Amino acid sequence: MTIDDAPREALRGGPRELLRWVATGAAVSRADLSRLSGLSPSTVSQRVEALINQGLLEETGAGRSRGGRRPRQLAVPTGGAVVGAIDLGAHHARVGTLDLSGRVVQARTLPVRIEDGPEQVLGSLLAEVATLAGAGAPVPGDGASAATGGEAAGALRGLGIGIPGPVQHTTGRIVSPSRMPGWNGFDVAAFCAGRVDVPIIVDNDANLMALGAHRTAHSELDHAVYIKAGTGIGSGVISSGRLHRGAQGSAGDISHCRVVADPAPLCSCGNAGCLEAVASGAALVTALREQGVTVSDLTGVIRLIDDGDRHATALARQAGRAIGEILAVVVNFFNPQVVAIGGRLADCEPLLASMRATLYERCLPLATQTLLIERVATSQDVGITGAAHLVIDHVVAAN
Ligand SMILES: [Zn+2]
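Structure report, in brief. All figures in this text were calculated on a predicted structure; none of them were measured in a lab. (Residues numbered from 1 in each chain as written. Predicted model: local features only at pLDDT ≥ 70, side-chain atom pairs only at ≥ 80, totals over all residues. Heavy atoms only, no water.)

**Digging into the pairing of strand S6 (residues 158-163)**
Going by this rule: Buried residues are those whose accessible area, probed at 1.4 Å on protein chains only, stays under 20% of the maximum for their type, while exposed residues exceed 50% and partly exposed ones sit between those limits. Counting from the N terminus, the helices are the DSSP runs of H or I reaching at least four residues and the strands are the DSSP runs of E reaching at least two. Note on pairing: DSSP must find at least two bridges between two strands before they are called paired.
Most of S6 is tucked away, with six of its six residues classed as buried. Burial of S6 is two-sided: the residues Gly158, Gly160 and Gly162 facing one way and the residues Leu159, Ile161 and Ile163 facing the other way are all buried. Where S6 lies against strand S9 (residues 200-204), five bridges are found, and the strand directions are parallel. Bridged to Gly160 within S9 is Ile201.

As structure tokens, then:
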């Protein structure tokens, strides 16, 4: 065992891993879990009983007999809305409820005006989660009376929230977001905790996308980088199979890394030539307008690129090169097995092609020899899926 393998080995047979094996169908019985984990049947039974008592596993009748008594089958309770998730974007939010295996039970997209401020935006999204969970409206007010007891507490085991800006991981507080006026320093976790009485986990949207994509598409890979390129730009890092946040939660935030650009456009952070000012959706809208092209938003930009518009396509290529330059440093430094790009700009062929070309040009052959360069499977639920997995991991780990 190398030192790199240690974090995953340490988890072998832990409650979280037992739950995951059942959720993914790798195990349907205690005997399967014992075989997969290498743990003794009595230790497995003990852990399974604990998970059943916590409502995280259930027994569903009898499995196939191998001669003796037919074994009881284990399953993750499905269909019930047990985890709430909010993936907040600049203009829309995806809100959903998911079961303990991370499958979406219900989800919907709501328009959002981020400039309305955190209380109003989060207040209405929390109400939507409560409606989806069948728990009625959350208790309004200053937090003195949280929604405890009855169906509300029974329906939800936790809530995961993704924010399109930097989030201090230890506190759940937003720190200097670029396009969220009125949100700086806001304590999302505390605000929500006053309204729903369940564990609340707040993270940035790129981390949620990374975790959701990794668990659904690449769970067998240990090292992965996911770029989220939409209105803003960011990335999430999976190291040794786990989300890597760094000391404060800012790991993977590539938005203000400097790229070669002439002229270097001014960034909202006060510096010039940041990746976000060159390659984000917002930057493409601004650049096109400066060239005299009438375009209202990112949707308009994507339409122009799809139509083969010369200006828009050139800008998309330039954005892809800029993303590739930063990614090349990341790949040389971190040596991931896969780099996947998601967000609305991931569907732009010219951007993807020049990002890929730049990566191959600038990376060490050893780093790119087996490197997968992919699109994140285009599911609008990837963010809420990541949010749900954060919550499920937390709920299981806490037990
Ligand atoms: Zn900047």
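Still more to cover.
**Some words on helix H12 (residues 310-334)**
Basically, it comes down to this: What a helix should span is 1.5 Å times the count of its residues minus one. Throughout this description, a polar contact denotes any pair of N or O atoms lying within 3.5 Å of each other; where both atoms belong to protein, one of them has to be capable of donating a hydrogen while the other can accept it, and for residues adjacent in sequence the pair is counted only when both atoms sit in side chains.
Compared with an ideal rise of 1.5 Å per residue, which puts 25 residues at 36 Å, H12 spans 35 Å between its outermost C-alpha atoms and is within 8% of the ideal. Put simply, Asp309 is the residue that caps the front of H12, since its side-chain oxygen is 3.1 Å from the backbone nitrogen of His311.

**Digging into the layout of surface pockets**
Put simply, the rule is: Whether a set of points on the 1 Å grid over the protein atoms alone is a cavity depends on a 1.4 Å probe fitting there but being unable to get out, while an open set qualifies as a pocket with protein on both sides within 12 Å along at least five of seven lines; lining residues are those with an atom within 4 Å of a point. Grid points are joined across faces, edges and corners, and a volume is the space filled by probe spheres set on the points. In the scheme used here, Gly and all other residues not listed as nonpolar or charged are polar, with Ala, Val, Leu, Ile, Met, Phe, Trp, Tyr, Cys and Pro taken as nonpolar and Asp, Glu, Lys and Arg as charged.
There is about 980 Å³ of room inside the second largest pocket. In terms of lining residues, the second largest pocket is bounded by 40 residues, among which Arg16, Arg20, Leu211, Arg215 and Asp393 are the most central. Those elements that place two or more of their residues in the lining of the second largest pocket are helix H1 (6-11), helix H2 (15-23), S9, helix H8 (205-217), strand S12 (242-244) and helix H15 (382-397). Partitioned by chemical class, the residues of the lining of the second largest pocket number 14 nonpolar, 15 polar and eleven charged.

**Considerations on the packing of helix H10 (residues 281-290) against H12**
To keep it simple, the criterion reads: As a rule, the C-alpha atoms of each element are fitted with a line to give its axis, helices using only the stretch in contact, and angles between N-to-C directions run from 0 to 180 degrees. An angle below 35 degrees is treated as roughly parallel, one above 145 as roughly antiparallel, one from 65 to 115 as roughly perpendicular, and anything else as oblique. Helix crossings are classified by the rotation of the near helix relative to the far one: an anticlockwise turn of less than a right angle makes the crossing left-handed, while a clockwise turn makes it right-handed. In this analysis, two residues are considered to be in contact whenever any of their non-hydrogen atoms come within 4.5 Å of each other.
Interhelical geometry of H10 versus H12 gives an angle of 140° and a closest axis separation of 10 Å. On the basis of the axis angle, H10 is oblique to H12. The handedness of the crossing between H10 and H12 comes out as right-handed. For the pair H10 and H12, the contacting residues are Leu284, Ala287 and Leu288 in the first and His311, Ala312, Leu315 and Ala319 in the second.

**Points about the packing of aromatic side chains**
Rules: Ring pairs shown here join Phe, Tyr and Trp side chains whose ring centres sit within 6.5 Å, with only the six-membered ring taken for Trp; geometry is labelled stacked below 30 degrees between planes, edge-to-face above 60, and tilted in between.
Summed over all chains, the structure comprises two aromatic pairs. Ring geometry for Trp183 versus Phe186: centroids 6.4 Å apart, planes at 70°, classification edge-to-face. We classify Trp183 as buried; its relative accessible area is 0%. Classification of Phe186 as buried rests on a relative accessible area of 15%. Seen in terms of ring centroids, Phe186 and Phe191 are 5.5 Å apart; in terms of plane orientation they differ by 55°. Their pairing is tilted. We note that Phe186, like Phe191, is buried. Members of the aromatic cluster, connected to one another through ring pairs, are Trp183, Phe186 and Phe191.

**Comments concerning the pairing of strand S13 (residues 338-342)**
For S13, the buried fraction is high: five of the five residues fall into the buried class. Residues of S13 alternate between two faces, with Val338, Ala340 and Gly342 on one and Val339 and Ile341 on the opposite face, all of them buried. Summarising the sheet, strand S10 (residues 224-229) and S13 pair through five bridges and their orientation is parallel. Looking at S13, one finds that Tyr226 is bridged to Ala340. As paired strands, S13 and strand S14 (residues 372-375) are joined by four bridges and run parallel to one another. In the sheet register, Ala340 faces S14, and the bridge partner there is Glu374.

**Examining the nonpolar core**
Basically, it comes down to this: For the purposes of this section, nonpolar cores are sets of buried Ala, Val, Leu, Ile, Met, Phe, Trp, Tyr and Cys residues that join through side-chain atoms within 4.5 Å.
Judged by nonpolar contacts, the single largest core of 44 residues is most densely connected at Leu275 and Ile323. With ten residues, the top contributor of residues to this core is H12. Leaving out residues up to four positions away in the same chain, Leu275 has contacts with Ile233, Ile254, Ser255, Cys257, Val259, Ser280, Ala322, Ile323 and Ile326. Membership of the second largest hydrophobic core comes to 41 residues, among which are Leu57, Ala210, Val376 and Val395.

**A few points about the sheet that holds strand S11 (residues 233-239)**
Taken in spatial order, the five strands make up an open sheet running S12-S11-S10-S13-S14, and their pairing is mixed. Only two strands of the sheet have a single partner each, and these edge strands are S12 and S14. The mean angle between the axes of side-by-side strands here comes to 25°, regardless of whether they run parallel or antiparallel. Relative to S11, S10 runs antiparallel, the two being bridged by six bridges. Bridge pairing links Ala229 to Ile233 in S11. Across the sheet, H8 is in contact with S10, S11, S12 and S13; its angle to S11 comes to roughly 45°. Sheet contacts for H12: S10, S11 and S13; angle to S10, the most-contacted strand, approximately 165°.

**A few points about the coordination of the zinc ion**
In an ideal tetrahedron of four donors about a metal, each angle is 109.5 degrees. In an ideal octahedron of six donors, the angles are 90 or 180 degrees. Test applied: Atoms are scored as donors when they are N, O or S and lie within 2.8 Å of the metal, with 3.2 Å used for Na, K and Ca; no water is included, so coordination may look incomplete. Between 85 and 135 degrees for all angles marks four donors as tetrahedral; over 155 degrees for opposite donors together with 65 to 115 for all other angles marks four donors as square planar and six as octahedral; every other arrangement is irregular.
Only His256 (ND1), Cys267 (SG), Cys269 (SG) and Cys274 (SG) from the protein coordinate the zinc ion, and they sit 2.0 to 2.3 Å from it. Coordination geometry of the zinc ion: the four donor atoms subtend angles of 103 to 118° at the metal centre, consistent with an arrangement described as tetrahedral. Positions of the donor residues of the zinc ion along the chain correspond to the pattern H-x10-C-x1-C-x4-C.

**Some thoughts on the sheet that holds strand S4 (residues 92-98)**
On the basis of which strands lie adjacent, the open sheet formed by five strands has the order S5-S4-S3-S6-S9 and mixed pairing. The outermost strands of the open sheet, each flanked by one partner alone, are strand S5 (104-111) and S9. The mean inter-strand angle of the sheet, taken between neighbouring strand axes irrespective of direction, is 15°. Relative to S5, S4 runs antiparallel, the two sharing seven bridges. Residue pairing for S5: Ala93 is matched across the bridge by Leu110. Here helix H5 (residues 118-132) sits on the sheet and contacts strand S3 (83-88), S4, S5 and S6; the angle it forms with S4, its principal contact strand, is near 30°. Its contacts with the sheet place H8 against S3, S6 and S9, and it is angled at close to 100° to S9.

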